[in-house]
Amino acid sequence: MQTILTGSKARPSPQDTGMPDAKPSVLVVDDDPEFRDSVARLLRSVDLETSHFSSVADFLKAKLPEGPTCLVLDVRLPGQSGLELQRELAAANRPLPIIFITAHADIPMTVQAMKGGAIEFLTKPFRDQELLDAVEAGISRDRVRRERDKAFGALKERFETLSSREREIMFQVAAGRLNKQIAGDIGIAESTVKVHRTNLMRKMKARSVPELSRMADILKPTSEKPQRT
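Residues numbered from 1 in each chain as written. Predicted model: local features only at pLDDT ≥ 70, side-chain atom pairs only at ≥ 80, totals over all residues. Heavy atoms only, no water.

1. Things to note about the layout of surface pockets
What the largest pocket holds in volume is close to 220 Å³. As for the largest pocket, its lining consists of 15 residues, of which Arg94, Pro95, Leu96, Pro97 and Gly116 are closest to the centre. Of all elements in the fold, only helix 3 (82–91) and helix 5 (128–160) reach the threshold of two or more residues within the lining of the largest pocket. A per-class count over the lining of the largest pocket returns seven nonpolar, four polar and four charged. (1 Å grid on protein atoms, 1.4 Å probe; cavity = no way out; pocket = protein on both sides within 12 Å on 5 of 7 lines; lining within 4 Å. Points joined across faces, edges and corners; volume = space filled by probe spheres on them. Helix = DSSP H or I, 4+ residues; strand = E, 2+ residues; numbered from the N terminus. Nonpolar A, V, L, I, M, F, W, Y, C, P; charged D, E, K, R; others polar.)

What follows is the structure, encoded as structure tokens:
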């Protein structure tokens, strides 16, 4: 078989500094064993963990890695195709950056893959560096997503520690309402609003009203937002 990958430059992969025990990983799905081995050797040469599969069915049986991950996926596979897997992952809300590879590309296929959010669409034969650059972009995207999800989870946990009254006041404060206005809106003493406001700022770890407003925008639990009159 002709060598597909040529001329690579080994370089350190980006590390997930927030989770040193969760190294970046690349999952390779291709029905050509020689190609899978070649890609695996390349990725390991830059210190990337890799797992490879010969079909979509085998891939779906596997557990996804804990760290930042991207998928190197052949378009044409026995059984379920790479494009079908892309649609299935999107429908299941499993955001996994995908780098498509194929020996026989056409424009509609490429357009479909890129519209589905693929990082790159590489046609064999391609240079090692093209794949490494695409993998780096995919892992970076997944790292950002994971950090965003983690931050949102922590924010939601803090929000859930608030009482219903504190949540009500939080959204009024975030909307720019003054303590006196809030007290009049909900029928409590202004001093009580101040106490709730102090407590909710502490619980949310908000250092300022603008920061609290950003948190409220991220959370967007519309059912909690009071109607202004």
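After that view, the rundown keeps rolling.
2. Remarks on the nonpolar core
Counting residues in each nonpolar core, the largest one holds 20 residues, and the members touching the most others are Val26, Leu43, Leu48, Val72, Ile99, Leu131 and Val135. When contributions to this core are tallied by element, the ones reaching two or more residues are strand 1 (25–29), helix 1 (33–45), strand 3 (69–74), strand 4 (98–102) and helix 5. In this view, Val72 contacts Val26, Leu27, Val28, Val29, Ile99, Ile101, Leu131 and Val135; residues no more than four positions away in its chain are not counted. (Core = buried A, V, L, I, M, F, W, Y, C linked by side-chain atoms within 4.5 Å. Buried < 20%, exposed > 50% of the residue type's maximum accessible area, 1.4 Å probe, protein only. Contact = heavy atoms within 4.5 Å.)

3. What about the packing of helix 6 (residues 164–174) against helix 9 (residues 209–219)?
Where helix 6 contacts helix 9, the axes come no closer than 8 Å and their chain directions differ by 115°. It follows from the interaxial angle that helix 6 and helix 9 lie roughly perpendicular. You can see that helix 6 and helix 9 cross each other, and the crossing is left-handed. Touching Met170, Phe171, Val173 and Ala174 of helix 6 are Val209, Leu212, Ser213, Met215, Ala216 and Leu219, all from helix 9. Residue composition of the contact of helix 6 with helix 9, grouped by class: nine nonpolar, one polar and no charged. (Axes fitted to C-alpha atoms, helices over the stretch in contact; angles between N-to-C directions. Parallel < 35°, antiparallel > 145°, perpendicular 65-115°, else oblique. Left-handed = near helix turned anticlockwise from the far one by under 90°.)

4. Some words on helix 8 (residues 190–204)
One turn of an α-helix holds 3.6 residues; hence residues three or four places apart share an orientation. Between its terminal C-alpha atoms helix 8 stretches 21 Å, which fits the 21 Å expected from 15 residues at 1.5 Å a residue. Along helix 8, the positions that sit buried rather than exposed are Val193, His196, Leu200, Met201 and Met204. Angularly, the buried residues of helix 8 cover 130° about the axis, an arc narrow enough to put them on a single face. Residues of helix 8 that are exposed and angled more than 90 degrees away from the buried face: Thr198 and Arg202. Where helix 8 is buried, its residues contact helix 5, helix 6, helix 7 (179–186) and helix 9. Just past helix 8, the residue Lys205 takes up positive phi, approximately 60°. (Expected span 1.5 Å × (residues − 1). Arc of directions from axis to C-beta.)

5. What about the pattern of salt bridges?
A pair can form between side chains of opposite charge whenever their charged atoms are brought close. All chains considered together, the criterion is met by ten salt bridges. Note that Asp142 and Arg145 form a salt bridge whose closest N and O atoms lie 2.9 Å from each other. Taken together, the residues Asp142 and Arg145, both in helix 5 and three residues apart, mark about one turn of the helix. Assigned by exposure class, Asp142 and Arg145 land together as buried. Lys203 serves as the salt-bridge partner of Glu166, at 3.0 Å between the closest nitrogen and oxygen. Of this pair, Glu166 sits in helix 6 while Lys203 sits in helix 8, and the two are 37 residues apart along the sequence. Look at Glu166 and you get buried, because its relative accessible area is 4%. It is possible to trace a salt-bridge network through shared partners that takes in Asp142, Arg145, Arg146 and Asp149. (Salt bridge = Lys/Arg side-chain N within 4 Å of Asp/Glu carboxyl O.)

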